[in-house]
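# Residue-level structural notes
Spelled out, the chains give:
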Amino acid sequence: GTGGELAREFASLLTEMWRTKPPSTLNGGRHRGYGGKGLGWGGSHYSRYSASGDHDTTYPRSFKSTLGKHAEQFVGYDQHDSQELAIYLLDALHEDTNRVRKKPYVEKPEQGPGESDAEASETAWAAHLMREDSRILEQFMGQIKSRLECPVTGNTSTTFDPSMYLSVPIPGSTDRTMTVTFVPLEGERRAFTVTLGKNSTVVALRSKVVDLARECYGAPGLAEEDVALCDVFNDKVWKFYDKQDEAIDSIKDTDVTVAYELFPLKRAREEYAAYKKEEEENAKKSSDGGDGEDDEDDTLHPRRAAAEDVCLSGDESSSILNDADCR
């Protein structure tokens, strides 16, 4: 705490903010502050009044000075997080006004077998009041149920912990909306609007795009491995987003993101396996005295040939996707 200094200054500030008449009209020009002590906060200390005597402006200079005295992070006029100030102020005001002067040692109670949440909560709250008791606690303090379970033994521990503030994200502040153009092997391309967390990876982005493509094109069998996510610049593939842990932060709002549907990898592997089997059979016939002529062309489909190495190299895939984009 601050020895009550911050609490007195805060009380003085609130009194001046809500005062409707200048101090000279109250108590014969004198007024007493917190605990009956004169705080020296006349009309020029916190407030300025208009000629008509109406309350005009409140200046929290003294409160600001006292705040900086006990919390150096608030010294000066730099910008600070409002939540950080609220947390410190509530904690300091609670300590300054805590009715418990000598705090006894109290063990943290746990919820017992067969004990209801209401009973366990009341027990924990009573134990907490043995050390902490103030008007701030009455207005701002609550409880959070915490349950821990050991993954090895299966033992659980349930407690009700006091909490004065709970941080929650602002709706939409952690989301990002992106536009991705999907280019199918057959059919017209479509632009999808995708919303996902700012900390998501390109894998999550591709998964979202694939889900939308399945629904829009009626292709429930579309696999994520058959979609290549790319950055297109001047109608050419500039970059492949093929790193599993790459964050979407690397994709700028001005980038043109395109998802290309590729020849199905599963089908490519099957056709390549059949081709290799046929090739081996022809080679065996040739060694057994056959004519050695191949009825099939040895040239593989460009996407089917990719199955041998599972994935395409950067130059090969760029050429293939550029061809698909120019159709």
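Source: prediction; values computed, not measured.

Among the structural elements, Gln111 can be located in the loop between helix H3 (82–96) and helix H4 (117–129). Within the structure, the side chain of Gln111 is placed 2.7 Å from the backbone oxygen of Glu115, a separation counted as a polar contact. Excluding anything up to four places from it in sequence, Gln111 contacts Ser116, Asp117, Ala120, Lys145, Thr158 and Phe160.

Quick look at the packing of helix H1 (residues 5–18) against helix H2 (residues 61–70) now. Contact geometry for H1 and H2: axes closest at 9 Å, N-to-C directions at 160°. With respect to their mutual orientation, H1 and H2 come out roughly antiparallel. Remark: the crossing between H1 and H2 carries left-handed chirality. Residues Glu5, Leu6, Glu9, Phe10 and Leu13 of H1 lie in contact with H2, whose contacting residues are Ser62, Phe63, Thr66, Leu67, Lys69 and His70. The residue inventory of the contact of H1 with H2, partitioned by class, reads 5 nonpolar, 3 polar and 3 charged.

Further remarks concern the packing of H1 against H3. Between H1 and H3, the least distance of the axes is 8 Å, while the angle of their chain directions is 110°. As judged from the angle between their axes, H1 and H3 are roughly perpendicular. Residues Glu5, Leu6, Ala7 and Phe10 of H1 touch H3, and the partners they reach there are Tyr88, Leu89, Ala92, Leu93 and Asp96. Looking at the contact of H1 with H3 residue by residue, the classes come out as 7 nonpolar, no polar and 2 charged.

If you look at soluble globular proteins, the nonpolar side chains tend to sit buried side by side. The biggest cluster of nonpolar side chains holds 18 residues, and the ones touching the most others in it are Phe182, Leu205, Val209, Leu229 and Ala259. Put simply, the parts of the chain that give this core at least two residues each are strand S5 (175–183), strand S6 (190–197), helix H6 (202–217) and strand S7 (227–233). Sorting elements by how many residues they give to this core places H6 first, with 5 residues. Those residues in contact with Ala259, other than ones at most four positions away along the chain, are Val180, Thr181, Phe182, Val183, Val209, Val227, Ala228 and Leu229. Counting residues in hydrophobic clusters, the runner-up holds 15 residues, among them Leu6, Ala71, Leu89 and Leu137.

Take H4 next. Over its 13 residues, H4 extends 18 Å from the first C-alpha to the last, a length consistent with the 18 Å expected when each residue adds 1.5 Å. All of the buried residues along H4 are Ala120, Ser121, Ala124, Ala127 and His128. Within H4, the buried residues cover an arc of 130° as seen down the axis, which keeps them to one side. Seen from the open side of H4, the exposed residues pointing more than 90 degrees away from its buried face are Ala118 and Glu122. Buried-residue contacts for H4 involve helix H5 (135–140), strand S3 (142–149) and strand S4 (156–163).

For any pair of aromatic rings, the description rests on two quantities: the centre-to-centre distance and the angle between the ring planes. Across all of its chains, the model carries 6 aromatic pairs by this definition. On the numbers, 6.1 Å between centres and 20° between planes, the contact of Phe182 with Phe192 is stacked. Linking Phe182 in strand S5 with Phe192 in strand S6, this pair joins segments that are 10 residues apart in sequence. Looking at Phe182, the relative accessible area reads 1%, which means it is buried. Measuring from ring centre to ring centre gives 5.4 Å for Phe182 and Tyr217, while their planes differ by 50°; the resulting arrangement is tilted. With Phe182 in strand S5 and Tyr217 in helix H6, this pair connects stretches of sequence that are 35 residues apart. A connected cluster of aromatic rings, assembled from ring pairs, spans Phe182, Phe192 and Tyr217. Lying across the ring of Tyr59, Arg61 places its NZ or CZ 4.5 Å from the centre. Sitting over the ring of Tyr77, Lys64 keeps its end group 5.0 Å from the ring centre.

Rules of the game
Going along each chain's sequence as written, the residues are numbered from 1 onward. In view of the model being predicted, local features appear only for residues whose pLDDT reaches at least 70, and side-chain atom pairs are presented and counted only at 80 or more, with totals across whole chains, interfaces and linings using the full set of residues. The side-chain quantities take in all heavy atoms of the structure and omit both hydrogens and water. Segments assigned H or I by DSSP are reported as helices when at least four residues long, segments assigned E as strands when at least two residues long, and all are numbered from the N terminus. Within 3.5 Å is the distance limit for a polar contact, defined as a pair of N or O atoms, with the added protein rule that one can donate a hydrogen and the other accept it, and that residues adjacent in sequence qualify only through two side-chain atoms. Only heavy atoms enter the contact rule, under which two residues are in contact if any of them lie within 4.5 Å. Each axis is a line fitted through C-alpha atoms, and for a helix only the stretch in contact is used; angles between axes span 0 to 180 degrees, taken between their N-to-C directions. These descriptions rest on fixed angle ranges, namely under 35 degrees for roughly parallel, over 145 for roughly antiparallel, 65 to 115 for roughly perpendicular, and the rest for oblique. The hand of a helix crossing depends on one turn: near helix anticlockwise from the far one by less than a right angle means left-handed, and clockwise means right-handed. Any residue outside Ala, Val, Leu, Ile, Met, Phe, Trp, Tyr, Cys, Pro, Asp, Glu, Lys and Arg is labelled polar, Gly included; the first ten of those are nonpolar and the last four are charged. Note on terminology: a nonpolar core comprises buried Ala, Val, Leu, Ile, Met, Phe, Trp, Tyr and Cys residues joined through side-chain atoms within 4.5 Å. Burial classification: accessible surface area is computed with a 1.4 Å probe over protein chains only, and a residue below 20% of its type maximum counts as buried, one above 50% as exposed, and the rest as partly exposed. Between the first and last residue of a helix there are one fewer steps than residues, each counted as 1.5 Å, and that sum is the expected span. The arc under discussion is defined with respect to the helix axis, by the directions toward the C-beta atoms. Note on aromatic pairs: the rings of Phe, Tyr and Trp (six-membered ring only in Trp) are paired at centre separations within 6.5 Å, and the planes decide the class, stacked below 30 degrees, edge-to-face beyond 60, tilted for the rest. As a reminder, the over-ring test applies to NZ of lysine and CZ of arginine, requiring each to be within 6 Å of the ring centre and within 35 degrees of the ring normal.

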